[in-house]
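# A look at the structure
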Amino acid sequence: MKLWAGRFQKEVDAKTNDFNSSISFDSRMAKEDIEGSIAHATMLGACGIIDKKEAETICDGLQKIWEEIQSGALAIDPNAEDIHTFVEGELTARVGDAGKRLHTARSRNDQVALDLRCYLKKECVTLQEQLRTLIEVLCQKAKKHSGDVMPGYTHLQRAQPITFGHHLLAYAEMFLRDVERIGDAAKRMDVLPLGSGALAGTTYPLDRELTARLLGFSAVSQNSLDAVADRDFCVELAAAVSLSMVHLSRFSEEIILWCSWEFKFVELDDAFSTGSSIMPQKKNPDIAELVRGKSGRVFGDLMALLSMLKGLPLAYNKDMQEDKEAIFDAVDTLKLCLTPFIPMIETMRVLPENMRAAAAKGFINATDCADYLVGKGLPFRDAYKITGALVAQCIAQGETLESLPLLEYQNACPSFDEGVYQAISLEACVAGRKVIGAPAPENVQAQANRILELLKNK
Ligand code: ARG
């Protein structure tokens, strides 16, 4: 039965009903819908808008409906128009007239805005928890590998020596910002839209502050049109989730590279990799690839939300029903990706010898060689030029900066002495990078501890 059947003489066409219906994707908000209705009925009763006894009957009925949905005793009707219609219909079938009073001073427009906010507020907490777990795993791994030298890259060319711990903490910083961004989105979600009616509020003397308190909202919306037409909160969350996916995708890309025989910096645990049906030797980083691949659909969800909203006149338009699949998919996808990604990182075997061997090639200590000359009093530009010429000489002679005889150094510049070999040793190169934010092992330890401390205080 339609909530709006009053002025209609025919049932809606069956296929049109399917097209119009949102129950297939909004039934996941059943709990929030019921909680919202319980709060609304309680407030109506407290304000004397409906009889207190009837309010209780409504609340008991709704509570029972939720229990039965949860236990599986009550199946959600797939032919209902949406979850709001289903719950109200079910309630009325059970408690009669009292049920018919539930929708006093309410529209599905403020109801759906409420349900979505309540549902997403909880999802924000779950996402933040998952991201925090990932950050913690990264910090523990970073501490373990704080002294393991690896090549740092620009343009995917070996550039300067860093530590593996430092590399991992770069991602920890990104995910920390993601946690904050999701928290920011949650803050703006934390405003109660209920009481805005269809668009123009209501003439009933509602106590919206009471409803807000009952539902744990910190504020009440101040403009009824905005409250029912706003989906900024979905866009903000989708944007924050998209950025998390960007970070996961970049990390995945690196893991895929690191797993290759060309790098062999890490090996994924068997439980988090897959084989090939034809090539017996293969061990593929499928999880990382899927995460990288799934980032695109989340960006699509963000784009769908933005496009859905951009041309809508105030206030509610049915276009807005499209918000749910998009934001649910974005949130589901991030949760889904993090689920295997976290243990994949946790169990990943790190191969520091291979990282070090890669760092020993590619002249990544050339900057340190130039800095050594600066220490001897040369201007950096001159030191840079001399070192560049030495690198060219090494390439021509098949040497490395470590193997080049001192005599050759001194031919290039008399300021060189024995100390150069110590200065360009990879360990010295990273140990010397102690400025705030740099990869020295002691910094990595301190930064990992700082982040772990931050997580504790959240
Ligand atoms: N299923 C609808 C949605 O998701 C609920 C609001 C319907 N309101 C209306 N006036 N048709 O947006």
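Located above this text is the structure these notes cover.
Residues numbered from 1 in each chain as written. Predicted model: local features only at pLDDT ≥ 70, side-chain atom pairs only at ≥ 80, totals over all residues. Heavy atoms only, no water.

## Quick notes on helix α7 (residues 108-144)
End to end, α7 covers 54 Å across 37 residues, agreeing with the expected 54 Å (1.5 Å per residue, within 8%). When you tally the buried positions in α7, you get 26 out of 37 residues, the bulk of the element. Capping the start of α7 is the job of one residue whose side-chain oxygen sits 2.8 Å from the backbone nitrogen of Asn109: Ser107. (Helix = DSSP H or I, 4+ residues; strand = E, 2+ residues; numbered from the N terminus. Expected span 1.5 Å × (residues − 1). Buried < 20%, exposed > 50% of the residue type's maximum accessible area, 1.4 Å probe, protein only. Polar contact = N/O pair within 3.5 Å; in protein donor to acceptor, adjacent residues only side chain to side chain.)

## Topic: a nonpolar patch on the surface
Residues Leu199, Leu225 and Leu314 make up a contiguous nonpolar surface patch of about 270 Å² in total accessible area. With respect to the helices, strands and loops of the structure, Leu314 is situated in the loop between α12 (286-310) and α13 (323-347). We classify Leu314 as exposed; its relative accessible area is 63%. (Patch = residues over 30% accessible without salt bridge, like charges linked within 9 Å, V, L, I, M, F, W, Y side chains within 5 Å. Areas by Shrake-Rupley, 256 points an atom, 1.4 Å probe, with all protein chains shown as cover. Salt bridge = Lys/Arg side-chain N within 4 Å of Asp/Glu carboxyl O.)

## So, the site of the ligand
In the vicinity of the ligand, the residues found are Ser22, Asp82, His84, Arg108, Asn109, Val112, Tyr316, Gln321 and Lys324. Asp82 places a polar side-chain atom, nitrogen or oxygen, 3.1 Å from a nitrogen atom of the ligand. Gln321 places a polar side-chain atom, nitrogen or oxygen, 2.8 Å from a nitrogen atom of the ligand. Across the complex, the protein chains shield 86% of the 340 Å² of accessible surface that the ligand would expose by itself. Sort the elements by how many residues they give to the shell around the ligand and α7 lands first, with three residues. Residue classes in the shell around the ligand are distributed as two nonpolar, four polar and three charged. (Near = heavy atom within 4 Å. Nonpolar A, V, L, I, M, F, W, Y, C, P; charged D, E, K, R; others polar.)

## Considerations on the packing of aromatic side chains
Under the criterion given, the structure shown has 11 aromatic pairs. Consider the rings of Phe164 and Trp258, whose centres lie 5.5 Å apart with planes at 65°: the pair is edge-to-face. Linking Phe164 in helix α8 (residues 164-189) with Trp258 in helix α11 (residues 232-259), this pair joins segments that are 94 residues apart in sequence. Note on accessibility: Phe164 and Trp258 belong to one class, buried. Between Phe251 and Phe341 the ring centres are 5.5 Å apart and the planes differ by 65°, which places this aromatic pair in the edge-to-face class. (Phe/Tyr/Trp six-rings, centres within 6.5 Å; stacked < 30°, edge-to-face > 60°.)

## Focus on the environment of Arg450
Among the secondary structure elements, Arg450 is positioned in helix α20 (residues 441-456). The exposure class of Arg450 is partly exposed, given its relative accessible area of 35%. For the pair Arg450 and Gln422, spaced 28 residues apart in sequence, the C-alpha separation works out to 31 Å.

## What about the nonpolar core?
Where a protein is soluble and globular, its nonpolar side chains tend to be buried together. Counting 78 residues, the largest nonpolar core has Leu120, Leu237, Leu248, Phe251, Ile255, Ile327 and Ile345 as its most contacted members. Contributions of two or more residues to this core are made by α7, α8, α11, α12, α13, α14 (352-359) and α20. Broken down by element, the residue count for this core peaks at 14 residues, all from α11. In this view, Ile327 contacts Leu116, Leu120, Cys234, Leu237, Ala238 and Leu305; residues no more than four positions away in its chain are not counted. (Core = buried A, V, L, I, M, F, W, Y, C linked by side-chain atoms within 4.5 Å. Contact = heavy atoms within 4.5 Å.)

## Overview of unusual backbone geometry
Residue Leu314 is joined to Ala315 through a cis peptide bond whose omega torsion reads 5°. As for its position among the elements, Ala315 is in the loop between α12 and α13. A positive phi angle, near 50°, is found at Lys264, a position not held by glycine. As for its placement among the helices and strands, Lys264 is situated in the loop between α11 and β5 (266-267). When its relative accessible area of 16% is taken as the criterion, Lys264 is described as buried. One non-glycine residue, Phe363, lies in the positive phi region at around 55°. Along the chain, Phe363 turns up in the loop between α14 and α15 (366-375).

## Considerations on the environment of Arg108
Assignment of secondary structure puts Arg108 in helix α7. Placed 24 residues apart in sequence, Arg108 and His84 show a C-alpha to C-alpha distance of 7.2 Å.

## Notes on the packing of α15 against helix α16 (residues 380-397)
Interaxial distance between α15 and α16 falls to 8 Å at its minimum, and their mutual angle equals 135°. As far as their axial angle goes, α16 and α15 are oblique. In this structure, α15 crosses over α16, and the sense of that crossing is right-handed. For the pair α15 and α16, the contacting residues are Ala366, Cys369, Ala370, Asp371, Leu373 and Val374 in the first and Phe380, Ala383, Tyr384, Ile386, Thr387 and Val391 in the second. Each residue belonging to the contact of α15 with α16 can be placed in one class, and the counts come to 10 nonpolar, one polar and one charged. (Axes fitted to C-alpha atoms, helices over the stretch in contact; angles between N-to-C directions. Parallel < 35°, antiparallel > 145°, perpendicular 65-115°, else oblique. Left-handed = near helix turned anticlockwise from the far one by under 90°.)

## Some remarks on the pairing of strand β2 (residues 157-163)
Bridge analysis of strand β1 (residues 149-154) against β2 gives six bridges, and the strand direction is antiparallel. Counted as the bridge partner of Val149 is Thr163 from β2. Connecting β1 to the next strand, β2, in antiparallel fashion are two residues, including His155 with a positive phi near 55°. (Pairing = 2+ DSSP bridges.)

## Remarks on helix α9 (residues 208-215)
Residues Arg208, Leu210, Thr211, Ala212 and Leu215 constitute the buried set of α9. Where the residues of α9 are buried, they touch α3 (30-46), α7, β3 (191-192) and β4 (219-220). The N-capping residue of α9, defined by a side-chain oxygen 3.3 Å from the backbone nitrogen of Glu209, is Asp207. Where α9 terminates, the next one or two residues include Gly216, which has phi positive at roughly 75°.

## Regarding the pattern of salt bridges
Across all of its chains, the model carries 30 salt bridges by this definition. In this structure, Asp178 and Arg181 form a salt bridge, with 3.1 Å as the shortest nitrogen-oxygen distance. Residue Asp178 and its partner Arg181 are located together in helix α8, separated by three residues, close to a single helical turn. Judged by relative accessible area, which is 28%, Arg181 ranks as partly exposed. Between Asp323 and Lys324 there is a salt bridge; the shortest N-O distance is 3.0 Å.

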